[in-house]
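Examining the three-dimensional arrangement
One letter stands for each residue in the lines below.
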Amino acid sequence: MTENIELTMKMLEKNNMKPYFCETKGDALELLKTLIPKGAAVTHGGSMTLDELGARELIENGEYNYLDRSKCETREQMQKLYRDCFFADVYLTSSNAVTENGELYNVDGNANRVSCIAFGPKSVIVIVGVNKLVKDLKAAEYRVKTIAAPKNAVRLNLDTYCAKTGKCVSLSRECPEMAAGCHSEQRICCSYLVSGQQREKDRIKVIIVNEELGY
């Protein structure tokens, strides 16, 4: 375990978030099994990290009450599921970045993911690869504007500036503001959440995996 991982974990714990370290994504999946009670209502946000980890296959195995967004056929059904997620026992997600100060930084289009991280589900389990560990919030902001948002926009085939150029249009300014960006109707950077010290100790659990995962 490197010094920056040790520091990040120490600060996460100081901020009342429970940190874990796993050497591989296989180890992380085994840990995940111990953190989700059988029969629990479980759901998740959109995440390449969860896909690479095999988390969806785990919660599809019939041992959990899986609130499955892929089963939604209409916008109305999806909106209902987003609201039902607030009452889940366990919410799985990744984070766009985790700082050495023990902060989670996340940016959403629909805000369903950042909403559930902030409030609602009894337990939030965040899985991140070492590629998402950054020095501070400024570095987290830059990571989203140059890596997370552009790659996700390409993956989702969205018509945004970052999908075409690989970076946020706001970076062309001398001092780009955090929430500045394009005005495309398909923009995915709409709602911003910084999770610092938590009032409910260990509600948020952060699994750091010593591999690169997701965007």
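One structure accompanies this document, and this report is about it.

The rules behind the values
- Residues numbered from 1 in each chain as written.
- Predicted model: local features only at pLDDT ≥ 70, side-chain atom pairs only at ≥ 80, totals over all residues.
- Heavy atoms only, no water.
- Buried < 20%, exposed > 50% of the residue type's maximum accessible area, 1.4 Å probe, protein only.
- Helix = DSSP H or I, 4+ residues; strand = E, 2+ residues; numbered from the N terminus.
- Pairing = 2+ DSSP bridges.
- Contact = heavy atoms within 4.5 Å.
- Salt bridge = Lys/Arg side-chain N within 4 Å of Asp/Glu carboxyl O.
- Phe/Tyr/Trp six-rings, centres within 6.5 Å; stacked < 30°, edge-to-face > 60°.
- Lys NZ or Arg CZ within 6 Å of the ring centre and 35° of its normal.
- Core = buried A, V, L, I, M, F, W, Y, C linked by side-chain atoms within 4.5 Å.
- Axes fitted to C-alpha atoms, helices over the stretch in contact; angles between N-to-C directions.

A look at the pairing of strand E2 (residues 41–44)
In E2, alternate side chains face the same way, and those of Ala41 and Thr43 on one face and Val42 and His44 on the other are all buried. Pairing between E2 and strand E3 (residues 65–66): two bridges, direction parallel. By the bridge assignment for E3, valine 42 is matched with tyrosine 66. Here three bridges tie E2 to strand E4 (residues 90–93), and the two strands are oriented parallel to one another. By the bridge assignment, histidine 44 is partnered in E4 with leucine 92.

A closer look at unusual backbone geometry
The residue asparagine 16 is not glycine, and still its phi comes out positive at about 70°. Residue aspartate 202 is not a glycine yet carries a positive backbone phi of 65°. Looking at the secondary structure, you find aspartate 202 in the loop between strand E9 (191–195) and strand E10 (204–209).

Observations concerning the side chain of glutamate 103
Mapped onto the secondary structure, glutamate 103 falls in the loop between strand E5 (97–99) and strand E6 (104–108). In contact with glutamate 103, other than residues within four places in its own chain, are Asn15, Ala97, Val98, Leu137, Val194 and Ser195.

Examining the pattern of salt bridges
For the structure shown, the criterion picks out 12 salt bridges. The shortest N-O distance in the salt bridge between aspartate 84 and lysine 80 comes to 2.9 Å. With aspartate 84 and lysine 80 both in helix H5 (residues 75–84), this residue pair falls four residues apart, about one helical turn. The partly exposed category is assigned to aspartate 84, whose relative accessible area is 31%. Take lysine 80: its relative accessible area is 52%, and that puts it in the exposed class. Notably, a salt bridge pairs lysine 138 with glutamate 141, separated by 3.7 Å at the nearest N-O pair. Highlighted residues: lysine 138 and glutamate 141, both in helix H7 (residues 137–155), separated by three residues, approximately one helical turn. Residue glutamate 141 is classed as buried on the basis of its relative accessible area of 9%.

Here's the deal with the pairing of E6
In terms of burial, E6 is largely enclosed, as five of its five residues are buried. The alternating pattern of E6 places Leu104, Asn106 and Asp108 and Tyr105 and Val107 on opposite faces, both of which are buried. Relative to E6, E5 is paired through two bridges, and the arrangement is antiparallel. Residue pairing across strands places alanine 97 opposite tyrosine 105, the latter belonging to E6. Where E5 folds back onto E6 in an antiparallel hairpin, the turn is made up of four residues, including glycine 102, whose phi is positive at roughly 75°. Pairing of E6 with E9 involves five bridges; the strand directions are antiparallel. Bridge pairing in E9 links valine 107 to tyrosine 192.

Quick look at the packing of aromatic side chains
Within a pair of aromatic rings, the relevant descriptors are the distance that separates the centres and the angle that separates the planes. Summed over the entire model, instances satisfying the criterion amount to zero aromatic pairs. A cation over a ring is seen here: lysine 18 above tyrosine 20, with NZ or CZ 6.0 Å from the ring centre.

Re the nonpolar core
Of all hydrophobic cores here, the largest spans 25 residues; its most connected members are Leu12, Leu104, Val126, Val128, Ile204, Val206 and Ile208. Going through the elements one at a time, helix H1 (3–14), H5, helix H6 (112–118), strand E7 (123–129) and E10 are the ones with two or more residues in this core. For leucine 104, the residues in contact, after removing those within four places along its chain, are Leu12, Met17, Ser95, Ala97, Val98, Val126, Leu193, Val194, Ser195, Ile204 and Val206. In this structure, Tyr20, Cys22, Tyr64 and Leu92 belong to the second largest nonpolar core, which totals 24 residues.

Some words on the sheet that holds E3
If you walk across this open sheet you meet the six strands as E1-E10-E7-E4-E2-E3, and the pairing is parallel. The two strands at the open ends of the sheet, each matched to only one other strand, are strand E1 (18–22) and E3. Sitting on the sheet, helix H2 (residues 25–35) touches E1, E4, E7 and E10, and the angle it makes with E10 is about 160°.

Everything listed here is a matter of coordinates, which is why it stays silent on function.
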